[in-house]
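Each chain, written out:
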Amino acid sequence: MYETITRTGKEIFKSAIRLEPTERVPVIILSGGVWAFNQKGLSLQDSFDMPPEESADYIIEMNKKVRSDLIWCAAGCNHLVLRALGAKSKFKKVGKAADVKPMITSPKEVDKLNPDRIKEDPGIIAMVECTKILKKKIGDQTMLGVSQWGPMTLASLMMGTTEFMIGLMKDKEGMEYLMEFTRELVVTYWKLFADAGVEHVSQAEPVASGDMISRAMFEEFALPHLQYTNNKIKDSVFSKMIHICGNTENLFPVLPETGTDMFSMDWKTSLKKAREELGGKIAFAGQVDPSNVMLLSDESTVKEKAEECIRDARWEQGGYVLMPGCDLAPETPLSHLNAMMDVAYGHTQEITTK
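None of the values given here were measured: they were computed from a predicted structure. (Residues numbered from 1 in each chain as written. Predicted model: local features only at pLDDT ≥ 70, side-chain atom pairs only at ≥ 80, totals over all residues. Heavy atoms only, no water.)

Undergrad: Even after reading the chapter, I still don't get empty space enclosed by the protein, so can you show me in this structure?
TA: To find leftover empty space, a probe the size of one water molecule is rolled over the atoms. Summed over all chains, the structure comprises one cavity of 30 Å³ or more. In this structure, the largest cavity occupies an estimated 220 Å³ of space. Forming the boundary of the largest cavity are 22 residues, of which S31, G32, A36, I59 and W72 lie nearest the centre. Looking at the lining of the largest cavity, the elements with two or more residues in it are α2 (33-38), α3 (44-49), α4 (52-66) and β1 (70-73). Counting residues per element, the lining of the largest cavity draws most heavily on α4, which supplies five residues. Considering only residue class, the lining of the largest cavity consists of 15 nonpolar, seven polar and no charged. (1 Å grid on protein atoms, 1.4 Å probe; cavity = no way out; pocket = protein on both sides within 12 Å on 5 of 7 lines; lining within 4 Å. Points joined across faces, edges and corners; volume = space filled by probe spheres on them. Helix = DSSP H or I, 4+ residues; strand = E, 2+ residues; numbered from the N terminus. Nonpolar A, V, L, I, M, F, W, Y, C, P; charged D, E, K, R; others polar.)

Undergrad: Which parts of the structure should I look at to understand helix α11 (residues 271-278)?
TA: Within an α-helix, residues lying three or four positions from one another point in the same direction, as the helix has 3.6 residues per turn. Among the residues of α11, L271, A274, R275 and L278 are the ones counted as buried. Considered in projection along α11, the buried side chains sweep an arc of 100 degrees and stay on one side of the axis. Looking at the buried positions of α11, the neighbouring elements they touch are β7 (262-265), β8 (283-288), α12 (299-313) and β9 (320-324). For α11, the N-terminal capping position is held by S270, with its side-chain oxygen 3.3 Å away from the main-chain nitrogen of K272. One or two positions beyond α11, positive phi appears at G280, with a value near 85 degrees. (Buried < 20%, exposed > 50% of the residue type's maximum accessible area, 1.4 Å probe, protein only. Arc of directions from axis to C-beta. Contact = heavy atoms within 4.5 Å. Polar contact = N/O pair within 3.5 Å; in protein donor to acceptor, adjacent residues only side chain to side chain.)

Here's what the structure looks like:
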């Protein structure tokens, strides 16, 4: 093992984003908010209700155990933007992600909604204040990130997935109008956290998965709005990420066009192919199976699969971050996370840093 690593996890993560070789494998989790507070028997609503300093201190305490190079602020809280606009969404169940019910039946109904209400939601306000404290206490050592649904997924949540997908075929103009609204929600939400100290933003687009739409549909409906959001935020943060569930190998040729700096992939997607098609263009991250491996297997299997990811991604070339292929199940054992982290921290190489 190369024993003279002196740079912080934040610096190592930033090098990966810049596609530079790193002295050890960069490693993070994806979201993890429900998981983290479930360890203490708390719900996401509890995290909104407690004093921001207490919430920040708990997040710091948990990450000392996890050792992620990045902490997600407001992790698991994407539905807050819809709650702020009037959607029915509850965050009170311990160990459960929030659900949300469709809130419109026609795209034109968004004309009655006020995006500025995002800035007034008590949950969002609490998470922004927590972020400011995290920035002050650990922002020099650990990267801070925030995630939100992408424009296409937000639109599907507002209308209902089935109705939205039918709309893409029968009312393209209407769905475009809706996504022009939701992309502004993404940017508004991101900027609140960027102003509080976040340097890395992510948008999750499960509705744009290769398991749900074709590449042609992705290019027609998802790509322009991903480009818009990334362009709008680029001067406010260090880096931008997109996460898409399912098999996304058919999207590799077009992903660099989104303006993202890093692509986070599901366990169904090949890291070998990612290295071949994305290497040198954008960073990529993944993709230990969060269910069958991180949750349901054992420490030995977690280590085996993490080793496989690192090998397939050819991490030593730079531009790769080890992480689970999606958010953690609330019951995921901490020992399994530690097993993944141990593998990352155990892979080192000597490099010349600028």
